[in-house]
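Coordinate analysis (summary)
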Amino acid sequence: MRPMRPVQDLSGLPSYGFGTKSPVWWGTLAFVAIEDGGFIVAIASYLYIAFVNRVWPLRAPPPDLGPCTAVLVLLLISLWPNWWLDRAAREENLRKVRIGMVVMTLLATAPLIVRIWEFPALNVLWDTNAYGSINWLLLGLHTIHLLTDWGDTLVLAVLMFTRHGHGKRFSDVSDNCFYWYFVIASWVVLYLFIYFVPRL
Amino acid sequence: MSVTESDRLKEQEEREDAGAPRDSTADEAELHRVLSETWGTKPGFWGWITTVDHKLIGRRYIATTFFFLFLAGLAAMVMRAQLAQPEGQVVGPDLYNQLFTMHGTTMMFLFAVSVMEAVAVFIIPLVMGTRNIAFPRLNAFSYWVFLFGGVMVWGAFFLNIGPDVGWFAYVPLSGPEFSPGKRADFWAQMITFTEVAALAVAVELIVTILKQRAPGMTLDRIPLFAWAMLVTAFMVMFAMPSVMVGSSMLIMDRLVGTHFFNPAEGGDVLLWQHLFWFFGHPEVYIIFVPASGMISVMLPAFTRRPVFGHLALVLSVISIGILSFGLWVHHMFVTALPQLGESFFTASSMLIAIPNGIQIFCWVATIVSGKPRYATPMLFIIGFIITFVIGGLTGVMVASVPLDTQVHDSYFVVAHFHYVLIGGAVFPLLGAVYYWFPKFTGRMMSERLGRWNFWLAFLGFNAAFFPMHLLGLWGMPRRIYTYQPELNWGDMNLFVSLAAVVVFASFALFLWNVLYSLRHGEPAGDNPWDADTLEWATSSPPPAYNFAHIPVVTAREPLWAERRALPVAVGLRTDMRELVITSVTEARPELRESSPDPSIWPLISAIALTGLFIGSIFTPWAVVYGSIPLTIALTAWFWPKGDKEDEA
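The text that follows walks through the structure, step by step, so that each part is easy to find. (Residues numbered from 1 in each chain as written. Chains lettered and ligands numbered in written order. Predicted model: local features only at pLDDT ≥ 70, side-chain atom pairs only at ≥ 80, totals over all residues. Heavy atoms only, no water.)

1. Notes on the overall build of chain A
- A count of helical and extended segments in chain A gives six helices and one strand.
- Counting from the amino terminus, helix and strand elements in chain A follow one another as β-α-α-α-α-α-α.
- Its C-alpha atoms give chain A a radius of gyration of 21 Å, more than 25% over the compact-globule value 16 Å for 200 residues.
- Its C-alpha atoms put chain A at 70 × 45 × 25 Å along the principal axes.
- Residues counted as buried form 56% of the 200 residues belonging to chain A. (Helix = DSSP H or I, 4+ residues; strand = E, 2+ residues; numbered from the N terminus. Rg over C-alpha atoms; globule rule 2.2 N^0.38 Å. Buried < 20%, exposed > 50% of the residue type's maximum accessible area, 1.4 Å probe, protein only.)

2. Quick notes on the interface of chain A and chain B
- Counting residues at the interface gives 60 residues for chain A, matched by 72 residues for chain B.
- With both sides pooled, the region where chain A packs onto chain B buries about 5800 Å², and carbon together with sulfur makes up 65% of that total.
- The largest share of the area that chain A buries against chain B comes from R2, L10 and H166 of chain A, three residues that together contribute 12% of it.
- Along the contact surface separating chain A from chain B lie two salt bridges. (Contact = heavy atoms within 4.5 Å. Buried area = accessible area lost by both parts, 1.4 Å probe. Salt bridge = Lys/Arg side-chain N within 4 Å of Asp/Glu carboxyl O.)

3. Concerning the nonpolar core
- If you look at the biggest cluster of nonpolar residues, it comprises 270 residues, and the most contacted ones within it are W187 of chain A together with F66, F225, F276 and W436 of chain B.
- Looking at this core, the element that brings in the most residues is helix α5 (residues 93-127) of chain B, giving 22 residues.
- With residues up to four places along the chain from it excluded, the contact list for F225 of chain B reads V119, A120, I123, I124, P290, G293, M294, V297 and W436 of chain B.
- Among the nonpolar cores identified, the runner-up in size contains nine residues, and L31, L35, A544 and I581 of chain B belong to it. (Core = buried A, V, L, I, M, F, W, Y, C linked by side-chain atoms within 4.5 Å.)

4. Considering helix α4 (residues 94-118) of chain A
- Here α4 of chain A is 25 residues long and its end C-alpha atoms lie 36 Å apart, about the 36 Å a rise of 1.5 Å per residue gives.
- The opening residue of α4 of chain A is N93 of chain A, an N-cap whose side-chain oxygen sits 3.3 Å from the backbone nitrogen of R95 of chain A. (Expected span 1.5 Å × (residues − 1). Polar contact = N/O pair within 3.5 Å; in protein donor to acceptor, adjacent residues only side chain to side chain.)

5. Side note on the sheet that holds strand β2 (residues 566-570) of chain B
- Reading across from one edge, β1(A)-β2(B)-β1(B) is the order of the three strands in this open sheet, with mixed pairing throughout. Edge positions in the sheet fall to β1 (4-9) of chain A together with β1 (550-551) of chain B, since each of these pairs with one other strand and no more. (Pairing = 2+ DSSP bridges.)

6. Considerations on a nonpolar patch on the surface
All names here are of chain A.
- Side chains of L65, L76, L79, V188, V189, L192 and F196 sit close together on the surface and give an oily, nonpolar patch of about 500 Å² of accessible area.
- Residue contributions to the nonpolar patch peak at four residues, all from helix α6 (residues 168-196).
- Secondary-structure assignment places F196 in helix α6. (Patch = residues over 30% accessible without salt bridge, like charges linked within 9 Å, V, L, I, M, F, W, Y side chains within 5 Å. Areas by Shrake-Rupley, 256 points an atom, 1.4 Å probe, with all protein chains shown as cover.)

7. Details of unusual backbone geometry
- Residues W56 of chain A and P57 of chain A are joined by a peptide bond in cis, for which omega reads 0°.
- Secondary-structure assignment places P57 of chain A in the loop between α1 (23-53) and α2 (66-77).
- Cis geometry is adopted by the peptide bond preceding P541 of chain B, which originates at S540 of chain B and carries an omega value of -10°.
- With respect to the secondary-structure elements, P541 of chain B resides in the loop between α17 (490-520) and β1.
- The backbone of A336 of chain B shows a phi angle near 55°, a positive value even though the residue is not glycine.
- In this structure A336 of chain B comes out as exposed when scored by relative accessible area, which is 72%.
- Non-glycine residue D409 of chain B carries a positive phi angle of around 60°.
- Within the fold, D409 of chain B resides in the loop between α14 (401-407) and α15 (411-441).
- Judged by its relative accessible area of 35%, D409 of chain B falls in the partly exposed class.

Below you can see the structure in the form of structure tokens.
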């Protein structure tokens, strides 16, 4: 082993950070990119199938706009509490974070409930034709994201009420808020594709 | 816990942190003892299955990928025995179909991509000067998922339900109508397993390279192997979702009656080819780019000079990464595409030859202007340059639509892609194993056996695969299990099969060299090649904590620039797993962050996921039932257990 000469002292550094300082934030961003890749490929497949068929939608009425718009409204409503929760986490304000986590768990539950009515509102089944298949795929992909983020949020909410709710868990809450923005943004895009492309 | 309690806890932790033992206070022997205790893996079976040490996981990842390489190689040998003479009787058409599918599938998904990532799992944290990979439990999870996926598909093969639809499983052949039974499903689900594993490693590598570099390792000081792995990881991230979506569609078409690829109900078979090749072409570069990084990082040690054109090499690797996403349609030239599309993809396919050419010229310039030392890794580099250039030239040929139309699905294409994959990736990989073996094990591999290994591999490979160009031009299609004597392909095929035995012998010799050197190799010392990158700044094999002190990087070749004494940073805690997080561009220290300790939950999560994946081959409800144990396992994985690392 070659001799060493100390030139820097790291002992004064903090033991966790937020946003781009945190490796978990980068990991979350990477997974967002991967899942975005999945969405983009699914949307490209949608356009491809629509293009080869010329007639769109295939032997089915366009999907109803009620439940999907309700999901969109609920998700957009959650933007503000999500932002508020992120700020509270960065301030490491445990009381506010607990309130925010409970609110966000409820707000993550609501669109999942509405989605139960959204699948029938597509007005086509997955095995009717390729139009049905691709719509169920897009909606299913987004539902998986709603479900997983609901699970994450719930576990984190419970965790913040235990003795573990301090330190870098605030950073985890902030990263969870970041992921929720992605869930909202992806729905805005999918909403336009699933519900308005058949009406073009 | 009340809010005030939380504040009290925080203050208490700050007090504890201030008084905690650090790597600046202890003497070296004491430091080694304390750090080994903190970072070490427990002995015995429990330690083995719970470890999160990137070196242990990297080593078992590499060994597993080589095991799959040998299985796929054996499949190739059976195929060559069958084709050695006209109307051969070694295997029948059904088994032959399974053999070539298993060969291609294993080589691509269970060996080539995985082995590159596996080497990176071991080497990259050392090259970055850090104590473990980012997200080490995810790393353990990735290995188990990979292992179970590989075991599943080979298990299916040994039960005579192995996939038989080729490594790219084109529909409609792989669809419900023409592939009843479960063979194609095992293939599609193997994709899901291996892609989950590969994506996990990609995320770990990206975060390790961006956030865990040694202080001072600015972007322009990142070693070229790390650049290559960073680009590769991004390619994995953007390419693999395509095949995952595609294979999920295929499974759904087969299991729940969707119609993605069914033209009778508005689907389209070419959609599969687009989805597959949008992944499949970057895949080729996902295999090649790490190999190019290995060459760039090995060359300085064997030419005694910094690599020529560092910036040009970085830019080439990045351009290859980007351009590789614009070529996929050249696999589909015979599918009656619009001519404008064909012209575009011909041009883009030829364009990627430019950054590849720049790399070759930089390497040649490094060798010519340096003082080359022809140790075994260097022989493999030279073998690579010759073989890859030939493969590259035939690549430019098949980028041209008229020529591709003639040789499509013939042995010419088989020859071409083996030249670029074996020449372009396996030769550098073998060189890299000889190069890093001392770091993996503390012992040198035998040079004498290494030379035999190289010459057998190089001559055997060219003898086996060059004639395939001719067989292809003579009209021999790929994936045929036999041919008639009057076609006059028999002599050439016999020659190819005999040469394939030489190639196989070279790999057997390689294996023998590994096993022999593990026990009897010369002790290596820290830096047997006098190389310039940080992995050689620690002992061979490295201790559990990698570095007693985190190196500080002052130059692009840190070990050559600081020969007298290595500058280091101190102040990390020694009573818990802690590593330094640095900024993305300038590698300024930002955080002292804890690194997770061993856990059984990655393995349990991988088992739960395996149950879900295999179950969903048979019933869609497996996704619902399977998600329950998986959710429990993942929650238990993330739930803090009260360790210092969890609570920091």
